[in-house]
Amino acid sequence: MHIAEGFLPPLHAAAWGAASAPFVVHGVRALSREVKANPESTLLLGASGAFTFVLSALKIPSVTGSCSHPTGTGLGAILFRPPVMAVLGTITLLFQALLLAHGGLTTLGANVFSMAIAGPWAGYAVYRLLRRSGVPLMVTVFFGAFVADLVTYCVTSVQLALAFPDPGSGFAGALAKFGGIFAVTQIPLAVSEGLLTVLVMRLLMRSSKADLIRLGVAKITGSKTKQEAAV
């Protein structure tokens with residue numbers, strides 16, 4: 001997903017940076033409010049950022065100028081909502097560009113939009129929709145992480161198709177080409193990420209249940225904490 005340094009035309013890179021900026025600014029405010037209101041969230045915020053950093057650093061060669069990998073953004077979006085994930089994802093992408101040569105500074109806006117904005121919002125929307133429908137928690141976590149991963153790559157395919165339309169079939173042909181190549185590696189990765197996120201959520205239900213209740217992920221029934229993690 002990380003589009004390589006200098007791969008996008010300057011105008012496209014600038015446009016995606018401008019599109020991402022408002023979401024990141026809003027996310028900084030949301031993150032500041034969360035930390036001020038609940039200082040105890042700091043460790044869980046750090047864990048969510050680390051989860052994203054580690055998973056999204058595991059790259060597999062795919063489309064020229066990009067790559068396939070898990071994103072890890074579904075967990076943070078479910079726990080802290082997408083605005084906060086926009087900040088955690090941006091920090092992750094910035095450090096990866098500077099320290100790992102994974103992605104780039106000129107393509108940071110495009111990568112932020114796909115992985116830190118579009119993916120988390122889509123995954124969270126699916127998670128909330130399923131929760132309101134009474135689907136068990138762990139099933140909603142799986143699909144939230146799965147969708148966050150896949151939508152990231154759908155948006156990256158759109159970004160590449162806009163920048164490099166097919167000479168014969170234009171944008172549609174390029175989108176089919178990029179999306180088709182990504183799908184070979186990304187669908188299995190999205191399934192794997194969904195399962196891993198469920199495993200992490202199960203561990204959090206045991207070790208940080210009080211935090212999950214406060215964040216609205218788990219609920220209290222009567223005088224006891226009820227894990228709505230039935231599968």
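The structure under discussion appears in the preceding block.
So, here's what we can say about the structure. (Residues numbered from 1 in each chain as written. Predicted model: local features only at pLDDT ≥ 70, side-chain atom pairs only at ≥ 80, totals over all residues. Heavy atoms only, no water.)

Our focus in this paragraph is the overall build of the protein. Assigned secondary structure in the protein consists of eight helices and four strands. The helix and strand sequence of the protein, counted from the amino end, reads α-α-β-β-α-α-α-α-α-α-β-β. For the protein, the C-alpha radius of gyration of 18 Å lies close to 17 Å, the compact-globule estimate for 231 residues. Each principal axis of the C-alpha atoms in the protein carries an extent, and together these give about 65 × 35 × 25 Å. Sequence separation of at least 24 residues holds for 75% of the intrachain contacts in the protein that already meet a minimum separation of 6. In the structure as shown, the protein presents an accessible area of about 10,200 Å², 71% of it carried by carbon and sulfur atoms. Each charge class in the protein can be summarised by its mean position, and for the 16 positive and 8 negative side chains these summaries are 10 Å apart. (Helix = DSSP H or I, 4+ residues; strand = E, 2+ residues; numbered from the N terminus. Rg over C-alpha atoms; globule rule 2.2 N^0.38 Å. Contact = heavy atoms within 4.5 Å. Areas by Shrake-Rupley, 256 points an atom, 1.4 Å probe, with all protein chains shown as cover. Lys, Arg positive; Asp, Glu negative; His and termini not counted. Charge placed at Lys NZ, Arg CZ, Asp CG, Glu CD.)

In an α-helix, one turn spans 3.6 residues, which is why side chains three or four residues apart end up on the same side. When the terminal C-alpha atoms of helix 5 (residues 108–132) are compared, their 34 Å separation across 25 residues agrees well with the 36 Å that a helix rising 1.5 Å per residue should span. A bend of about 30° at Ala-118 is the largest found in helix 5, and the proline Pro-120 appears one to four places after it. Just past helix 5, the residue Gly-134 takes up positive phi, approximately 85°. (Expected span 1.5 Å × (residues − 1). Bend = angle between axes of the 7 residues up to and from the residue.)

Once that is clear, we can look at the pattern of salt bridges. This model, assessed by the stated rule, comprises three salt bridges. Put simply, Arg-214 and Glu-34 hold a salt bridge, and the shortest N to O gap is 3.4 Å. Note that Arg-214 is positioned in helix 8 (residues 209–214) and Glu-34 in helix 1 (residues 10–37), a separation of 180 residues in sequence. The residue Arg-214 makes a salt bridge to Asp-211 at a minimum N-O spacing of 3.3 Å. (Salt bridge = Lys/Arg side-chain N within 4 Å of Asp/Glu carboxyl O.)

On the secondary structure map, Ser-56 appears in helix 2 (residues 42–56). A distance of 2.6 Å separates a polar side-chain atom of Ser-56 from the backbone oxygen of Thr-52. Only 3.5 Å separates the side chain of Ser-56 from the backbone oxygen of Phe-53, close enough to count as a polar contact. Once residues within four sequence positions are removed from consideration, Ser-56 is found in contact with His-2, His-69, Pro-70, Thr-71, Thr-92, Gln-96, His-102 and Met-115. (Polar contact = N/O pair within 3.5 Å; in protein donor to acceptor, adjacent residues only side chain to side chain.)

Quick look at the packing of aromatic side chains now. Any pair of aromatic rings gets described here by the distance separating the centres and the angle formed by the planes. Applying the stated criterion to the full structure yields seven aromatic pairs. Ring centres of Trp-16 and Phe-113 lie 5.1 Å apart, and the angle between their planes is 50°; on these two criteria the pair is classed as tilted. Note that Trp-16 is positioned in helix 1 and Phe-113 in helix 5, a separation of 97 residues in sequence. An identical accessibility class is assigned to Trp-16 and Phe-113; each is buried. Plain terms: the ring middles of Phe-142 and Phe-143 are 5.1 Å apart, the flat faces sit at 85° to each other, and that makes the pair edge-to-face. Relative accessible area serves as the criterion here: at 17%, Phe-142 is assigned to the buried category. The rings of Trp-16, Phe-23 and Phe-113 are connected pair by pair, giving a single aromatic cluster. When the ring centre of Phe-178 is taken as origin, the NZ or CZ atom of Lys-177, which lies over that ring, is 5.0 Å away. (Phe/Tyr/Trp six-rings, centres within 6.5 Å; stacked < 30°, edge-to-face > 60°. Buried < 20%, exposed > 50% of the residue type's maximum accessible area, 1.4 Å probe, protein only. Lys NZ or Arg CZ within 6 Å of the ring centre and 35° of its normal.)

Our next topic: the packing of helix 5 against helix 6 (residues 137–163). At their nearest, the axes of helix 5 and helix 6 sit 7 Å apart, and the two run at 150° to each other. Along this stretch, helix 5 crosses helix 6, giving a crossing that reads as right-handed. (Axes fitted to C-alpha atoms, helices over the stretch in contact; angles between N-to-C directions. Left-handed = near helix turned anticlockwise from the far one by under 90°.)

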